Amino acid sequence: MISQLLLDWYAKNARRLPWRDHSDPYAIWISEIMLQQTRVETVIDYFQRWMQTLPDIATLASASEQDVLKQWEGLGYYARARNIHKTAQILRHDYGARLPSEIKQLEKLPGIGKYSAAAISSMAYGQDAAALDGNIRRILTRLFDISSPLGSNGTEAQLRQLAQENLPAGKAGDYNQALMDLGAMICLPRNPKCDQCPLQPVCQAFMRGVQNLRPVRTKKKIVPHYTVCAAIIERDGKVLVARRKAEGLLGGLWEFPGGKQEEGETLAEALQREIKEELGVEIEIGAFFGKYNHAYTHFKITLHAFRCRILHGEPQPLDADTIDWVNHANLSALPMGKIDRLIALRIQQSKA
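Predicted model, so just to flag it, every value in this text is computed and none were measured.

Q: Help me out: how do you make sense of the overall build of the protein chain in this one?
A: When helices and strands are tallied, the protein chain shows 14 helices and seven strands. The C-alpha extent of the protein chain, read off along each of the three principal axes, is 75 × 50 × 35 Å. Averaged over its 44 positive side-chain charges, the protein chain has a centre that lies 5 Å from the centre of its 39 negative ones.

Q: What am I meant to see in empty space enclosed by the protein here?
A: Per the stated rule, a full pass over the model turns up one cavity of 30 Å³ or more. As a volume, the largest cavity reaches approximately 120 Å³. As for the largest cavity, its lining consists of 14 residues, of which Arg-142, Cys-187, Cys-194, Cys-197 and Cys-203 are closest to the centre. Among the elements that take part in the lining of the largest cavity, helix α9 (residues 134–143) stands out by supplying three residues, more than any other. Of the residues belonging to the lining of the largest cavity, the class tally is 11 nonpolar, two polar and one charged.

Q: Explain the layout of surface pockets to me, please; I cannot follow it from the model alone.
A: Remark: the empty space left among the atoms is shown by a probe the size of a water molecule rolled over them. For the largest pocket, the calculated volume is near 2,000 Å³. As for the largest pocket, its lining consists of 45 residues, of which Gln-37, Thr-38, Gly-134, Asn-135 and Arg-138 are closest to the centre. Put simply, the parts of the chain that give the lining of the largest pocket at least two residues each are α3 (40–53), α8 (114–125), α9 and α11 (172–185). In terms of residues, the lining of the largest pocket owes the most to one element, α11, which gives six residues. Its residues assigned to classes, the lining of the largest pocket comprises 19 nonpolar, 11 polar and 15 charged.

Q: I would appreciate a short explanation of the packing of α3 against helix α5 (residues 65–72) in the present structure.
A: Think of two packed helices as two axes; the pair is described by the angle between the axes and how far apart they sit. Between α3 and α5, whose axes approach to 10 Å, the crossing angle comes to 150°. Taken together, α3 and α5 sit at an angle that is classed as roughly antiparallel. The residues of α5 that touch α3, namely those facing Tyr-46, Arg-49, Trp-50 and Thr-53, are Val-68, Gln-71 and Trp-72. Grouping the constituent residues of the contact of α3 with α5 by class yields four nonpolar, two polar and one charged.

Q: Before we go on, may I ask you to explain the pairing of strand β1 (residues 225–235) in this structure?
A: Along any regular strand, the residues point their side chains to alternate faces of the sheet. Sheet topology note: the β1/strand β6 (residues 300–312) ladder contains nine bridges and is parallel. Across the sheet, Tyr-226 pairs through a bridge with Ile-301, a residue of β6. One ladder, built from three bridges, connects β1 with strand β4 (residues 258–260); its direction is antiparallel. In the sheet register, Cys-229 faces β4, and the bridge partner there is Gly-259. Note that β1 and strand β2 (residues 238–243) share two bridges and pair antiparallel. For Glu-234, the partnering residue across the bridge sits in β2 and is Val-239. Between β1 and β2, which pair antiparallel one after the other, the connecting turn spans two residues, and Asp-236 there sits at a positive phi close to 55°.

Q: In this structure, what is going on with the environment of Leu-150? I would like to understand it.
A: Mapped onto the elements, Leu-150 comes out in the loop between α9 and α10 (153–165). What makes Leu-150 buried here is its relative accessible area of 17%. Non-local contacts of Leu-150, meaning those with residues more than four positions away in its chain, are made with Arg-137, Thr-141, Thr-155, Leu-159, Pro-215, Val-216, Arg-217 and Thr-218.

Q: Would you explain the nonpolar core in this entry?
A: Grouped burial of nonpolar side chains is what soluble globular proteins tend to show. Core analysis: the biggest nonpolar cluster contains 75 residues, and Trp-29, Trp-50 and Leu-60 have the highest contact counts within it. Ignoring sequence-local partners within four residues, the contact set of Trp-29 consists of Ile-57, Leu-60, Ile-84, Thr-87, Ala-88, Leu-91, Leu-99, Ile-112 and Ile-120.

Q: When you look at the pattern of salt bridges in this model, what are you seeing that I'm missing?
A: In a structure, side chains of opposite charge can pair up when their charged atoms sit close to one another. Taken as a whole, this structure holds 18 salt bridges when the rule is applied. Between Asp-181 and Arg-20 there is a salt bridge, and its shortest N-O distance comes to 2.8 Å. Of this pair, Asp-181 sits in helix α11 while Arg-20 sits in the loop between α1 (2–13) and α2 (25–34), and the two are 161 residues apart along the sequence. The network of salt bridges with common partners includes Glu-265, Arg-273, Glu-274 and Glu-277.

Q: Where do I start with unusual backbone geometry in this structure?
A: Arg-214 connects to Pro-215 through a cis peptide bond whose omega is 0°. Relative to the helices and strands, Pro-215 resides in the loop between α12 (204–208) and β1. Even without being a glycine, Gln-37 presents a positive backbone phi close to 65°. One can find Gln-37 in the loop between α2 and α3. With relative accessibility at 62%, the residue Gln-37 sits in the exposed group.

Conventions we followed
- Residues numbered from 1 in each chain as written.
- Predicted model: local features only at pLDDT ≥ 70, side-chain atom pairs only at ≥ 80, totals over all residues.
- Heavy atoms only, no water.
- Helix = DSSP H or I, 4+ residues; strand = E, 2+ residues; numbered from the N terminus.
- Lys, Arg positive; Asp, Glu negative; His and termini not counted.
- Charge placed at Lys NZ, Arg CZ, Asp CG, Glu CD.
- 1 Å grid on protein atoms, 1.4 Å probe; cavity = no way out; pocket = protein on both sides within 12 Å on 5 of 7 lines; lining within 4 Å.
- Points joined across faces, edges and corners; volume = space filled by probe spheres on them.
- Nonpolar A, V, L, I, M, F, W, Y, C, P; charged D, E, K, R; others polar.
- Axes fitted to C-alpha atoms, helices over the stretch in contact; angles between N-to-C directions.
- Parallel < 35°, antiparallel > 145°, perpendicular 65-115°, else oblique.
- Contact = heavy atoms within 4.5 Å.
- Pairing = 2+ DSSP bridges.
- Buried < 20%, exposed > 50% of the residue type's maximum accessible area, 1.4 Å probe, protein only.
- Core = buried A, V, L, I, M, F, W, Y, C linked by side-chain atoms within 4.5 Å.
- Salt bridge = Lys/Arg side-chain N within 4 Å of Asp/Glu carboxyl O.

What follows is the structure, given as structure tokens:
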């Protein structure tokens, strides 16, 4: 009953999205990875540009990682882009530049977890696989009034069982997408639109008046905040930038050198220490170049940028993959994180 009510609603209310225009496994894979931690409205333009530039697995596999990161710039969680690139190269070498249809094979590929594998196999290949993302978890906890907290082993096992039990054979792709749309449009995290929900007649949380109390979540940890500083070092009409090592946060992206302020340091002392550790040079701190705030998944930062001048030494990549002196106009071609892009734009505007 649940699946039929859901599919009937989906037939009339499905969102029109560019990756739903066809059953190309490559397009579905790219869209699913982009949609992790990112709103649909943001993904649409990125997806369309990606498909124009990197239209298939072979093209993607042949592209450089820097080109891939540049295409991804602004979407965040850059490990997703690096994993997409790695997977494309594996697919070209081992699978004839085609995505496998079996869940177990998909899960072995970089960046493709249980949810993504189920979504790809059901939507691209018609496999009877139940996907389980944040939206679907929320819907199921309300439908079946699950009072145990999300994230616990027992709750996760129960949700997977319920998702699979209610899967309509041969219609898993539409079923999974219908749940995604219902979670995005009707069964919202706050103030769900129960009066518009096709599953209201069978929703146990609604019947008991506890829909706003589901799902139950464990208490969030306090998000740490760090103060960071960066140096704008120019010479002969060029600015010094460093490329982060491939591993870790923002791996492979370019940045203006600097780092975190330690306890007891002034911003100037922190920046001088960081540049000495990263580049092996001594600098003089010049004019303030702006304050920038940004939130990552597990922490927040406030970055203070300063124009600086090298006093002694020649910069070396002591704590980076590489460094380069770049013409201001060429900063646009380098993949960067959000804050470094804002700094780069301001540098370019100041030279215009």
